[in-house]
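Observations on the three-dimensional arrangement
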Amino acid sequence: MILSVFMFILIFLLIVFCNYKKRLHLFEILFIWMTVWLVTHSVSSILIVNLKLLSLSENQSDFWTHFLKRFLLYPLIIIFFFDFYLKIRDRVGKIALLIFNICFMSSLEFLFIFLGVLKNEKFYVHHSLVEWTVTVVLTYILWIWYRNQRLMRS
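Residues numbered from 1 in each chain as written. Predicted model: local features only at pLDDT ≥ 70, side-chain atom pairs only at ≥ 80, totals over all residues. Heavy atoms only, no water.

**Description of the overall build of the protein chain**
Tallying secondary structure elements over the protein chain gives five helices and two strands in all. The order of α-helices and β-strands along the protein chain, N terminus first, is α-α-β-α-α-β-α. The C-alpha atoms of the protein chain give 16 Å as radius of gyration, which agrees with the globular expectation for 154 residues (15 Å, within 12%). With respect to the three principal axes, the spread of C-alpha positions in the protein chain is 50 × 30 × 25 Å. Each of the 154 residues in the protein chain was classed as buried or not, and the buried ones make up 41%. Residue pairs in contact within the protein chain that sit at least 24 positions apart in sequence constitute 80% of those at least 6 positions apart. Element-wise, carbon and sulfur atoms account for 73% of the exposed surface of the protein chain, whose accessible area totals about 9,100 Å². Once the 15 positive and 8 negative side-chain charges of the protein chain are each reduced to a mean point, those two points are 11 Å apart. (Helix = DSSP H or I, 4+ residues; strand = E, 2+ residues; numbered from the N terminus. Rg over C-alpha atoms; globule rule 2.2 N^0.38 Å. Buried < 20%, exposed > 50% of the residue type's maximum accessible area, 1.4 Å probe, protein only. Contact = heavy atoms within 4.5 Å. Areas by Shrake-Rupley, 256 points an atom, 1.4 Å probe, with all protein chains shown as cover. Lys, Arg positive; Asp, Glu negative; His and termini not counted. Charge placed at Lys NZ, Arg CZ, Asp CG, Glu CD.)

Structure representation (structure tokens):
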């Protein structure tokens, strides 16, 4: 049941993503996507599983939900936020958006724990905030570096 609702929401977000005018270049989108996916899948998952903060549910549909949220949902949301980031002009608004992005991603993590996709062993709010702060800030820094490198060649 969770997988079907999740797939509906994910397909809706993908349709919205493909149909609205983005300020990000296609290569930037792919760069952000792969950066987020590598950080969340490789580093975060390994650390969380090895430290036994979270564990996966035994249900196969929950496993696929977990995989799809790491591979599609999280990068898609961060790309939405970074695209919106380009539309904001003042520095305070940009910082507030990055902080809101971190809090939103952390709340999604706890939503999936509440839904039973993940089992909470010893996972607290500060663990999630640190994980998403590292992910968003690292992605942001690498994206700005990539954007500057791409713009220097043009």
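Now, onward.
**Quick word on helix H5 (residues 125-153)**
Here H5 contains 29 residues, and its C-alpha end-to-end distance of 42 Å stays within 8% of the 42 Å for a straight helix at 1.5 Å per residue. Taken together, the buried positions of H5 are occupied by Ser128, Glu131, Trp132, Thr135, Val136, Thr139, Trp143, Tyr146, Arg147 and Arg150. (Expected span 1.5 Å × (residues − 1).)

**A short note on the environment of Trp33**
Looking at the element boundaries, Trp33 is found in helix H2 (residues 26-50). For Trp33 and Ile79, which are 46 residues apart along the polypeptide, the C-alpha to C-alpha distance reads 7.3 Å. Apart from residues no more than four positions distant in its own chain, Trp33 is found in contact with Phe71, Leu72, Pro75, Leu76 and Ile79.

**Re the environment of Asn101**
Of note, Asn101 is situated in helix H4 (residues 91-115). Exposure remark for Asn101: the relative accessible area of 0% places this residue in the buried category. Setting aside anything within four residues of it in sequence, one finds Asn101 in contact with Ile78, Phe81, Phe82 and Val136.

**Digging into the pattern of salt bridges**
The full count for this structure, using the stated rule, is five salt bridges. Between Glu28 and Arg150 there is a salt bridge, and its shortest N-O distance comes to 3.5 Å. With a gap of 122 residues between them, Glu28 in helix H2 and Arg150 in helix H5 connect regions that are remote in the sequence. A single burial state applies to Glu28 and to Arg150, both of which are buried. A salt bridge links Glu109 to Arg70; its shortest N-O distance comes to 3.9 Å. You can see Glu109 sitting in helix H4 and its partner Arg70 sitting in helix H3 (residues 60-87), a full 39 residues away along the chain. Here Glu109 falls in the buried class, since its relative accessible area comes to 0%. Look at Arg70 and you get buried, because its relative accessible area is 3%. By sharing partners, the salt bridges in this structure join Lys69, Arg70, Glu109 and Glu131 into a single network. (Salt bridge = Lys/Arg side-chain N within 4 Å of Asp/Glu carboxyl O.)

**So, the packing of H3 against H5**
Taken N-terminus to C-terminus, the directions of H3 and H5 make an angle of 60 degrees; their axes are 12 Å apart at the nearest point. Our classification of the angle between H3 and H5 gives oblique. Of the two possible hands of crossing, H3 and H5 adopt the one that is right-handed. Contacts from Arg70, Tyr74, Ile78, Phe82, Tyr85 and Leu86 in H3 reach Glu131, Trp132, Thr135, Val136, Thr139, Tyr140, Trp143 and Arg147 in H5. Partitioning the contact of H3 with H5 into residue classes produces nine nonpolar, two polar and three charged. (Axes fitted to C-alpha atoms, helices over the stretch in contact; angles between N-to-C directions. Parallel < 35°, antiparallel > 145°, perpendicular 65-115°, else oblique. Left-handed = near helix turned anticlockwise from the far one by under 90°. Nonpolar A, V, L, I, M, F, W, Y, C, P; charged D, E, K, R; others polar.)

Function cannot be inferred from these measures alone, as they are strictly geometric.
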